[in-house]
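Analysis of the macromolecular model
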Amino acid sequence: TEISAQKTPAPEGPKSKLNVAFLGVGLRGQGHVGLVLDRDDCNVVAINDVDDQMIEKTKEMFTKRGKPQPKVFKGERAYLELLEEENVDAVIIASPWRWHSEMAIAAMNAGKYVGMEVCGGFSMNECWELVNTQERTGSHLFFLENVCYRRDVMAILNMVRQEMFGELIHLEGGYQHDLRTVKFNDGKQPYGGGVEFGEKGFSESKWRTKHSVHRNGELYPTHGLGPVANYIDINRGNRMLYLTSFASQARGLHDYVVNHEKGGPDHPNAKIDFKLGDKVTTTIKCNNGETIVLHHDTNLPRPYSLAFRVQGTKGLWMAVNKSLHIEGMSPAHRWEDADPYLKKYDHPLWQRLEQKAVGAGHGGMDFFLINSFIESAKRNETPAFDVYDAASWLCITPLSEQSIAMGSQPMAIPDFTRGRWTERKPNFAFGDEY
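Residues numbered from 1 in each chain as written. Predicted model: local features only at pLDDT ≥ 70, side-chain atom pairs only at ≥ 80, totals over all residues. Heavy atoms only, no water.

1. A few points about the packing of helix α1 (residues 27-37) against helix α13 (residues 365-379)
As a packed pair, α1 and α13 sit with axes 10 Å apart at the nearest point and diverge in direction by 65 degrees. Looking at the two axes, α1 sits roughly perpendicular to α13. Along this stretch, α1 crosses α13, giving a crossing that reads as right-handed. On the side of α1, the interface is formed by R28, H32, L35 and V36, while α13 contributes D366, F367, L369, I370 and I374. (Axes fitted to C-alpha atoms, helices over the stretch in contact; angles between N-to-C directions. Helix = DSSP H or I, 4+ residues; strand = E, 2+ residues; numbered from the N terminus. Parallel < 35°, antiparallel > 145°, perpendicular 65-115°, else oblique. Left-handed = near helix turned anticlockwise from the far one by under 90°. Contact = heavy atoms within 4.5 Å.)

Written out as structure tokens, the structure reads:
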């Protein structure tokens, strides 16, 4: 059983070559495949998916780079056969949400080093099963939250650790992203081609939209929660205690279908009763006194924003207006442009590896994420975001669903570390790691 957040390298030292397999090679998976293929210290030896088109697109990536073709496992349960391959050291899971935990648990049981893409959880049992499996097997789970590596987010982390904001009091984050053209299409165009989803859809619209039909809660919490959890040392000297969630009415997806040129009031999808509130707001209370607010907003017209706010006794940062205020440094009662501060306090990790991240997805932060995963897997080390982080962040979804269903009642957040949060030490991005 692993009880420490500190790195635990394999006694034989790091692997010179890591054999990686992918469970899910849709658009997100292909982004990760490309980053791994471009490395000299990795071989991509196997892939699994259900979609012939995505499999072929992935194989083309190998051909263009002159790399040996991977072994292909096609089918929903074919990943179980892939996990029996002895030459697979690590797996990256980038399948639709409902497969993440099932695949991660199977991969840990198979002794693989596991990278699991982010989503929201489906049940508390699922979260506990992830923790119990990791503790029983000793196989590491790296929760692949890329926004923790965003450049401005890491610069603010640097400022937080230098106490520029004083004692932190309140934090906010969220997923605010107009996904209507992602959730609907005609099955032919990647995005924006219509009002169909499910079997008639393409990529994410095949599966993501169904969650808006059936569920009402904070469905995608980790992009907002992960970074602010690092600021206040969640699971490492601090923990989340309870949450309350509120959901507005659901109108955005219905209006999109009705007003789209390929839809209209008589289209079958115009009759669907979407359950997901257009704006879901979740408030979390932490052991050390801080409050966190999460925002979920994907079904209405809006610009993209993860809505970060970091507020302490000496000032605050607001990502939405790219401004901050530091008492004693900023003009009284006035905002300052955050950019000069972000450059001055640019995190050492970005300063050192910036050139390697050029061209990588999401402004380069995907490079840092995959680089950290590969280097940690080569050394069999405890990852930056481990199974306790995964369970704590994933559980926000089922708890928010329960809270909303019960009239926004408070819901207790379990301590997945079983008390170890009082002893575990912060281990993310102190400047000397990969």
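2. Things to note about unusual backbone geometry
With phi around 60 degrees, H333 is a residue other than glycine that occupies positive phi space. Inspection of the secondary structure puts H333 in the loop between β13 (323-326) and β14 (336-337). Its relative accessible area of 82% is what places H333 among the exposed residues. One non-glycine residue, R418, lies in positive phi territory at about 55 degrees. Take R418: it is sitting in the segment after β15 (411-412). Under the relative-accessibility criterion, R418 is labelled partly exposed at 44%. (Buried < 20%, exposed > 50% of the residue type's maximum accessible area, 1.4 Å probe, protein only.)

3. A look at the pattern of salt bridges
A pair can form between side chains of opposite charge whenever their charged atoms are brought close. Under the criterion given, the structure shown has 30 salt bridges. Between E85 and K71 there is a salt bridge; the shortest N-O distance is 3.2 Å. Here the residue E85 occupies a position in the loop between α3 (78-82) and β4 (90-93), and K71 occupies one in strand β3 (residues 71-74), the gap between them amounting to 14 residues. One salt bridge connects R424 with D386, and the closest N-O pair in it is separated by 3.1 Å. With R424 in the segment after β15 and D386 in the loop between α13 and α14 (387-394), this residue pair connects regions lying 38 residues apart in the sequence. (Salt bridge = Lys/Arg side-chain N within 4 Å of Asp/Glu carboxyl O.)

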